[in-house]
Amino acid sequence: MSSGDVRWGVVGEPGREPVVLLHGTPFSSYVWRGVARGLAGTGRYRVFVWDMPGYGASEKAAGQDVSLAAQGRVFTELLAHWGLDEPLVVAHDFGGAVSLRARLLHGARYRALALVDPVALAPWGSPSFRLLGRHAEVFEQLPPALHRALAREYVSSASGPGLHPAVLDRLVEPWLGEDGQPAFYRQIAQADQAHTDEIQERYGEIGIPVLVCWGEADGWIPIAKGRELADRIPGARFVPIAGAGHLVQEDAPAELTGALLEFLGGVA
């Protein structure tokens, strides 16, 4: 792929309706494990997951372009690689912006799009996120133990009720070590609101069924942004998820899977 090697996987039987899941930052396809199994377990869907370049098990390298602009191009390339013409797409956080850019700027075609607490409308980025981005070169030099503590605290803040320690370990692990630590700050430093400013006035052009799900206790992006986004997309359905923070897949996987099954079942 244009920004590095991409690790991906598939769950479900060949020939079923394809669903592609996009993760956000600073996460990986691991967050979709329960939802992917739930969708595939119905026997109706073949579910594709992937780690964006610079994330999870995909390639991490100095000088790598891991911006939203790059990820939108990579996703379009990946759909072509898979031979998926009009899949169902479910996208969380930065993955939401990636899916929107791929469709509006690169001609990617979907049958329907479900957006879960997406990065889509300005302003976005918490004070901590902006601080890390402005001083990425400094934070990259933290001793590993301090970086690990920072990464754990940052990732854990995405959950409303809190993450199981083993889950938190899995989410933080890709950001540790020689390659992981600089990659963590690289992706934050390259997060530029201009990449959503470029498309946010075009959301009315999406032209397919859209679901917007949002954790009611999202401390990263307030639920008001979700309602505003749904209002900008003609015909979009808005579903709040009670008790869930930003990382809805971990906080309320059953409720999210149920909402997705109802939505996807109505368009597939």
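This text gives an overview of the structure that appears in the document. Since this is a predicted model, take the numbers as computed values, not measurements.

## Remarks on the overall build of the chain
Turning to step 1, where the next piece is worked out: Counting its regular elements, the chain contains 12 helices and seven strands.
Turning to step 2, where the next piece is worked out: Taking 268 residues into account, the globule formula puts the C-alpha radius of gyration at 18 Å, and the chain, at 17 Å, falls close to it.
Turning to step 3, where the next piece is worked out: When its C-alpha atoms are laid out on the principal axes, the chain stretches across 50 × 35 × 35 Å.
Turning to step 4, where the next piece is worked out: Taking all 268 residues of the chain together, the buried fraction comes to 55%.
Turning to step 5, where the next piece is worked out: Within the chain, contacts between residues at least 6 apart in sequence are counted, and of these 79% link residues at least 24 apart.
Turning to step 6, where the next piece is worked out: A total accessible area of about 10,700 Å² is found for the chain, and carbon and sulfur atoms account for 50% of it.
Turning to step 7, where the next piece is worked out: For the chain, the centre of its 23 positive side-chain charges and the centre of its 31 negative side-chain charges are spaced 4 Å apart.

## Topic: the packing of aromatic side chains
Describing an aromatic ring pair means giving the distance of the ring centres and the angle of the ring planes.
Turning to step 1, where the next piece is worked out: All told, the structure shown has 14 aromatic pairs when counted by the stated rule.
Turning to step 2, where the next piece is worked out: Measuring from ring centre to ring centre gives 5.2 Å for Tyr154 and Trp220, while their planes differ by 45 degrees; the resulting arrangement is tilted. Of the two residues, Tyr154 is situated in helix 6 (residues 144-156) and Trp220 in the loop between strand 6 (210-215) and helix 10 (223-232); the sequence distance between them amounts to 66 residues.
Turning to step 3, where the next piece is worked out: Grouped by ring-pair contacts, the aromatic residues Phe27, Tyr55, Phe139, Tyr154, Trp175, Phe184, Tyr185 and Trp220 constitute a single cluster.
Turning to step 4, where the next piece is worked out: Directly above the aromatic system of Tyr30 lies the positively charged group of Arg33, at a separation of 3.9 Å from the ring centroid.

## Observations regarding unusual backbone geometry
Turning to step 1, where the next piece is worked out: Here Thr25 and Pro26 are connected by a cis peptide whose omega angle stands at 0 degrees.
Turning to step 2, where the next piece is worked out: Position of Pro26 relative to the elements: it lies in the loop between strand 2 (17-22) and helix 1 (33-41).
Turning to step 3, where the next piece is worked out: Looking along the chain, the bond that leaves Ala122 and enters Pro123 is cis, with omega of -5 degrees.
Turning to step 4, where the next piece is worked out: For Asp93, which is not a glycine, the phi torsion comes out positive at approximately 55 degrees.
Turning to step 5, where the next piece is worked out: Within the element layout of this structure, Asp93 appears in the loop between strand 4 (88-92) and helix 3 (94-106).
Turning to step 6, where the next piece is worked out: Residue Asp117 is not a glycine yet carries a positive backbone phi of 40 degrees.

## Points about the pairing of strand 5 (residues 112-116)
Turning to step 1, where the next piece is worked out: The element strand 5 is extensively covered by neighbouring structure, given that five of its five residues are classed as buried.
Turning to step 2, where the next piece is worked out: Neither face of strand 5 is exposed, since Ala112, Ala114 and Val116 on one face and Leu113 and Leu115 on the opposite face are all buried.
Turning to step 3, where the next piece is worked out: When strand 4 meets strand 5, the two strands line up parallel, connected through five bridges. The residue of strand 5 that forms the bridge with Ala91 is Leu115.
Turning to step 4, where the next piece is worked out: In this fold, the crossover linking strand 4 to strand 5 by way of helix 3 has right-handed handedness.
Turning to step 5, where the next piece is worked out: As judged from the four bridges shared by strand 5 and strand 6, these two strands associate in the parallel manner. Bridge pairing in strand 6 links Ala114 to Leu211.

## Points about the packing of helix 2 (residues 68-82) against helix 3
When two helices pack together, their arrangement is given by the angle between their axes and by how far apart the axes lie.
Turning to step 1, where the next piece is worked out: Their axes nearest at 8 Å, the elements helix 2 and helix 3 cross at an angle of 65 degrees. Here helix 2 is positioned roughly perpendicular relative to helix 3, judged by the angle of their axes. Judged by the twist between their axes, the crossing of helix 2 over helix 3 is right-handed. Two secondary-structure elements touch here, helix 2 through Leu68, Ala69, Gln71, Gly72, Arg73, Phe75 and Thr76 and helix 3 through Phe94, Ala97, Val98, Ser99, Arg101, Ala102 and His106.

Rules used in this analysis
Residues numbered from 1 in each chain as written. Predicted model: local features only at pLDDT ≥ 70, side-chain atom pairs only at ≥ 80, totals over all residues. Heavy atoms only, no water. Helix = DSSP H or I, 4+ residues; strand = E, 2+ residues; numbered from the N terminus. Rg over C-alpha atoms; globule rule 2.2 N^0.38 Å. Buried < 20%, exposed > 50% of the residue type's maximum accessible area, 1.4 Å probe, protein only. Contact = heavy atoms within 4.5 Å. Areas by Shrake-Rupley, 256 points an atom, 1.4 Å probe, with all protein chains shown as cover. Lys, Arg positive; Asp, Glu negative; His and termini not counted. Charge placed at Lys NZ, Arg CZ, Asp CG, Glu CD. Phe/Tyr/Trp six-rings, centres within 6.5 Å; stacked < 30°, edge-to-face > 60°. Lys NZ or Arg CZ within 6 Å of the ring centre and 35° of its normal. Pairing = 2+ DSSP bridges. Right-handed = clockwise from strand over helix to strand, strands pointing away. Axes fitted to C-alpha atoms, helices over the stretch in contact; angles between N-to-C directions. Parallel < 35°, antiparallel > 145°, perpendicular 65-115°, else oblique. Left-handed = near helix turned anticlockwise from the far one by under 90°.

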